[in-house]
Amino acid sequence: NAGVTQTPKFRILKIGQSMTLQCTQDMNHNYMYWYRQDPGMGLKLIYYSVGAGITDKGEVPNGYNVSRSTTEDFPLRLELAAPSQTSVYFCASSKTDMNTEAFFGQGTRLTVV
Amino acid sequence: GQNIDQPTEMTATEGAIVQINCTYQTSGFNGLFWYQQHAGEAPTFLSYNVLDGLEEKGRFSSFLSRSKGYSYLLLKELQMKDSASYLCAVRAPGGSYIPTFGRGTSLIVHP
């Protein structure tokens, strides 16, 4: 029973490099989300998707891109990494909108140096 | 915009009761979540309130007053494993009703 799986768990990037954070869920959930969490702060929504082929910006989308070609996968792309993107990233999914329980992945701890 | 306030940190004794408050100011309201997050781990769902009143689930209860823009999470018979961050999140019209999270309350339970 995998739930939401994120890879990698840890990553160090140099300024200006790019990378993709992978997220996949096996619960056939329509809604998927990407959040970032900085120390002492709550979860900030980066992007979300209400179904395959549909994505929308959240509160802090600058510097990120997403795609949703399948129901299962929702990768997050960082282009030209900056120190301000050092954070813990969580992917989550829920069956419909977040009127129902959301399930979170284990997180990716990213450091940009 | 949305504003969600929670205390930053609370401490309590094992076996005691603790109440974690959350106040919110939002343009409309469509429900409030509580999540638990242990250090270094993912948040996990605790409760969801959309109507006024108290919802009890084992040692945890959640209360909502929509007129006051106020909720609390009540933890009874505290255990050491309850040491974690507790996140309040509010759904409101706009942005496809995706909840906005508060900063979280770090609860430390000591013997």
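Notes on the structure follow. Starting afresh in each chain, residues are numbered from 1 along the sequence in its written order. Numbering of ligands from 1 and lettering of chains from A proceed in the order in which they are written. Only residues with pLDDT of 70 or above have their local features reported here, since the model is predicted, and side-chain atom pairs are shown and tallied only from 80 upward, although totals for entire chains, interfaces and linings are computed over all residues. With hydrogens and water excluded, all non-hydrogen atoms of the structure serve as input to the side-chain values.

### Quick word on the pairing of strand β6 (residues 53-57) of chain B
Residues and elements named next belong to chain B.
In step 1: DSSP bridges decide pairing: two strands pair if at least two such bridges lie between them. Helix numbers and strand numbers start at the N terminus; a helix is a DSSP run of H or I with at least 4 residues, a strand a run of E with at least 2. Pairing geometry for β6 and strand β7 (residues 60-65), over five bridges, is antiparallel. Residue Lys57 lies in a different strand from β7, and its bridge partner there is Phe60.
In step 2: With antiparallel pairing between neighbouring strands as the criterion, β6 and β7 make up a hairpin whose turn holds two residues, including Gly58 at a positive phi of roughly 65°.

### Some details on the pattern of salt bridges
All names here are of chain B.
In step 1: The term salt bridge refers to a side-chain nitrogen of Lys or Arg lying within 4 Å of a carboxyl oxygen of Asp or Glu. All told, the structure shown has six salt bridges over all chains when counted by the stated rule.
In step 2: A salt bridge links Arg66 to Asp52; the shortest N-O distance between them is 2.9 Å. Of this pair, Arg66 sits in the loop between β7 and β8 (70-75) while Asp52 is found in the loop between β5 (44-49) and β6, placing the two residues 14 residues apart along the sequence.
In step 3: Assessed through its relative accessible area of 41%, Arg66 is described here as partly exposed.
In step 4: What makes Asp52 partly exposed here is its relative accessible area of 43%. Working definition: with a 1.4 Å probe on protein chains only, accessible area under 20% of the residue-type maximum means buried, over 50% means exposed, and in between means partly exposed.

### Some remarks on the interface of chain A and chain B
In step 1: The contact rule is simple, with two residues in contact once any of their heavy atoms fall within 4.5 Å. Across the boundary between the two partners, chain A contributes 20 residues, which contact 17 residues of chain B.
In step 2: Of the roughly 1600 Å² buried at the junction of chain A and chain B (both faces included), carbon and sulfur atoms supply 60%.
In step 3: For the interface between chain A and chain B, the tally reads zero salt bridges.
In step 4: Polar contacts, as used here, are pairs of N or O atoms within 3.5 Å; protein pairs need one atom able to donate a hydrogen and one able to accept it. Residues neighboring in sequence count only if both atoms are side-chain atoms. The interface formed by chain A and chain B holds two residue pairs in polar contact (both at pLDDT 80 or more) in total.
In step 5: If you list the elements that add at least two residues to the side of chain A that touches chain B, you get β4 (31-37) and β5 (43-51) of chain A.
In step 6: By residue number, the principal contributor to the side of chain A that touches chain B is β4 of chain A, which donates four residues.
In step 7: Note on residue categories: nonpolar means Ala, Val, Leu, Ile, Met, Phe, Trp, Tyr, Cys or Pro, charged means Asp, Glu, Lys or Arg, and polar means any other residue, Gly included. Of the residues assigned to the side of chain A that touches chain B, the class counts are 11 nonpolar, seven polar and two charged. Here's the idea: put two parts together, see how much 1.4 Å probe accessible area each one loses, and the total over both is what we call buried area.

### Some remarks on the sheet that holds strand β3 (residues 19-25) of chain A
Hydrogen bonds between backbone atoms are what pair the strands of a sheet, whose relative direction is either parallel or antiparallel.
Residues and elements named next belong to chain A.
In step 1: Ordered by their spatial adjacency, four strands build an open sheet running β1-β3-β8-β7, and the pairing between neighbours is antiparallel. Two strands close off the open sheet at either side, each with one partner strand: β1 (4-7) and β7 (64-66). Within this sheet the neighbouring strands show an average axis-to-axis angle of 20°, counted without direction.
In step 2: One ladder, built from three bridges, connects β7 with strand β8 (residues 76-78); its direction is antiparallel. Within the sheet, the bridge partner assigned to Tyr64 lies in β8 and is Leu78. Orientation is described by axes fitted as lines to C-alpha atoms, over the contacting stretch for helices, and by angles from 0 to 180 degrees between their N-to-C directions.

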